[in-house]
Amino acid sequence: MRPWHRAMVTTGVLGDMGGSLPVQNVKELASKYPEYIPLRYIRPEVESDDIVVDGSLQTPVIDMSNFVMGQVGYEEELTKLHTACKEWGFFQLINHGASEAIEHMKVVTEEFFKLPLEEKMACAQVPNNIEGYGQAFVVSEDQKLDWGDMLFILPLPASRRNLSFWPQNPTSFKSTLEEYSSKLQSISTTLLGLMAKNLGVNPEELTSKFEDCIQGIRTNYYPPCVHADKVMGLAPHSDSVGLTLLIHVNEVQGLQIRKNHKWHSKKSGNGLTSLKDYVIRVKEGQKDIFYTIGESEKAVKNALFKTEEERAVENSPSKAEEEAGLKLDDEIEEEKQKKIMSNGEYSSIEHRAMVNVEQERLSIAAFHSPNMEAEIGPLPDFAQKTGAKYKQ
Ligand SMILES: O=C(O)CCC(=O)C(=O)O
Ligand SMILES: [Fe+2]
């Protein structure tokens, strides 16, 4: 499965797309046979990749408290946001006002993954549905596997909620997720409005597409692995959504972003790192960290073109993937679709999650996609101002 297909699947946007093949629970595998790593988890590319640890990259930090119209610092922060979206696609967000909701969400997430397997399986994935507790989508027997389990839930639109996938244990999970979901939706709408402003289009044009948005929350659990240098928690991908808000649940590092053909990782401090092309990073104190990945806002045309070429080479599908109907052309088409709302202005970021030798790692990604009725195309203002670069 190609990264963007995977990301679409992780967000549940594709909905009914056929069943996933069953795979082992990774936490169980890791605890029962810590020395035994099945071949399907071994990724030779991890060792050969050029990884920069604690690199000199300074990803942008956006301070949301500056976004009060008329306030000193407003215009400057807007410019910082624009640069972050154009040149990184990734930033760290501080003073977002969601710290309490984040703390609560971290607690219930850790509690859920600590439960015995049988209890977690009460909200297990079912065929043809990506929601629930399980693993990333698997389409073929020879597909490489990620060293991680996840719980994926679609809290929004509320009318489409399926509570059978929401854990009943811990008992506060539901109310905590509801609080988290609504806080993050509101942050995401604010950010999208500001991005639209920066792009010179009427903010309403963009934010209206995210009213009643599709929101997917993916909690990731990566068990420790004695061969952490040979496996990957989450293979390289870029999220096929409008905006992702990502939080690290514990102190264990693992997120890597790709920039200038290298993977960058931070050893200490906030633990967040860069991705390819465009990243935004946000931080509150030393604790609450969002990595926000602008997906619908994409790269400048030339850069975008280059990205596609690179991906076509680096990630050409396996024979099995081709047989499963995932054709390269379709994927490039899908990749283009991810760029069109910003008319090719903002780029997405490629990232991956690595695993720790001794400690488990947890993260929570909140994906925000346009509502079901929204037409995906360059926002109408682009057509009048600079000319739409893509068709509706
Ligand atoms: O675990 C991480 O830091 C990254 C998670 C991620 O990229 C995702 O869930 O899409
Ligand atoms: Fe991701």
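Up top is the structure.
One structure accompanies this document, and this report is about it. Keep in mind that what you see is a predicted model, and the values were worked out from it rather than measured.

Things to note about the packing of helix H4 (residues 74-88) against helix H7 (residues 173-199)
At a closest axis distance of 10 Å, the pairing of H4 and H7 adopts a crossing angle of 85°. Looking at the two axes, H4 sits roughly perpendicular to H7. When H4 is examined against H7, the residues Tyr 74, Leu 78, Leu 81, His 82 and Cys 85 are found in contact with a partner set consisting of Leu 194, Met 195, Lys 197, Asn 198 and Leu 199. The residue inventory of the contact of H4 with H7, partitioned by class, reads 7 nonpolar, 2 polar and 1 charged.

Description of the nonpolar core
By size, the foremost hydrophobic cluster in this structure holds 51 residues, and its most contacted members are Phe 91, Tyr 180, Leu 191 and Met 195. Counting only elements with at least two residues in this core, the list comes to H4, strand E3 (90-94), helix H5 (99-114), strand E5 (149-156), H7, strand E6 (214-222), strand E8 (243-248) and strand E14 (361-369). Counting residues per element, this core draws most heavily on H7, which supplies 11 residues. Residues Leu 29, Leu 145, Cys 225 and Leu 234 belong to the second largest nonpolar core, which totals 16 residues.

Quick word on the pattern of salt bridges
By the definition in use, this model includes 7 salt bridges. Across the salt bridge formed by Glu 28 and Lys 32, the nearest N and O atoms sit 3.7 Å from each other. Separated by 4 residues within a single helix, Glu 28 and Lys 32 lie in helix H2 (residues 26-32), roughly one turn from each other. Of the residues examined, Lys 32 reaches a relative accessible area of 56% and is grouped as exposed. For Arg 43, the salt bridge is made with Asp 146, and the minimal N-O distance between the two is 2.6 Å. Of this pair, Arg 43 sits in the loop between H2 and helix H3 (44-48) while Asp 146 sits in the loop between strand E4 (132-134) and E5; the two residues are 103 residues apart in sequence, bridging distant segments of the chain. What makes Asp 146 buried here is its relative accessible area of 11%. Because the salt bridges share partners, they merge into one network encompassing Arg 161, Lys 174 and Glu 178.

Quick look at the site of ligand 1
Surveying the vicinity of ligand 1 reveals 14 residues, the closest of which are Asn 220, Tyr 222, His 351, Arg 361 and Ser 363. Note that an oxygen atom of ligand 1 is positioned 2.9 Å from one of the side-chain N or O atoms of His 351. For ligand 1, whose unbound accessible area comes to 300 Å², protein coverage reaches 99%. Within the residue set of the shell around ligand 1, elements represented by two or more residues are E6, strand E7 (234-237), strand E13 (351-353) and E14. Here the shell around ligand 1 gets 4 residues from one element, more than from any other, and that element is E14. Here the shell around ligand 1 is built from residues that sort into 7 nonpolar, 4 polar and 3 charged.

Let's talk about the packing of aromatic side chains
Following the criterion strictly, the structure yields 8 aromatic pairs and no others. Summarising the aromatic geometry, the rings of Phe 112 and Phe 113 are spaced 5.3 Å apart at their centres and angled 75° between planes, so their arrangement reads as edge-to-face. Since its relative accessible area comes to 2%, Phe 113 is described here as buried.

Thresholds, definitions, all that
Residues numbered from 1 in each chain as written. Chains lettered and ligands numbered in written order. Predicted model: local features only at pLDDT ≥ 70, side-chain atom pairs only at ≥ 80, totals over all residues. Heavy atoms only, no water. Axes fitted to C-alpha atoms, helices over the stretch in contact; angles between N-to-C directions. Helix = DSSP H or I, 4+ residues; strand = E, 2+ residues; numbered from the N terminus. Parallel < 35°, antiparallel > 145°, perpendicular 65-115°, else oblique. Contact = heavy atoms within 4.5 Å. Nonpolar A, V, L, I, M, F, W, Y, C, P; charged D, E, K, R; others polar. Core = buried A, V, L, I, M, F, W, Y, C linked by side-chain atoms within 4.5 Å. Buried < 20%, exposed > 50% of the residue type's maximum accessible area, 1.4 Å probe, protein only. Salt bridge = Lys/Arg side-chain N within 4 Å of Asp/Glu carboxyl O. Near = heavy atom within 4 Å. Polar contact = N/O pair within 3.5 Å; in protein donor to acceptor, adjacent residues only side chain to side chain. Areas by Shrake-Rupley, 256 points an atom, 1.4 Å probe, with all protein chains shown as cover. Phe/Tyr/Trp six-rings, centres within 6.5 Å; stacked < 30°, edge-to-face > 60°.

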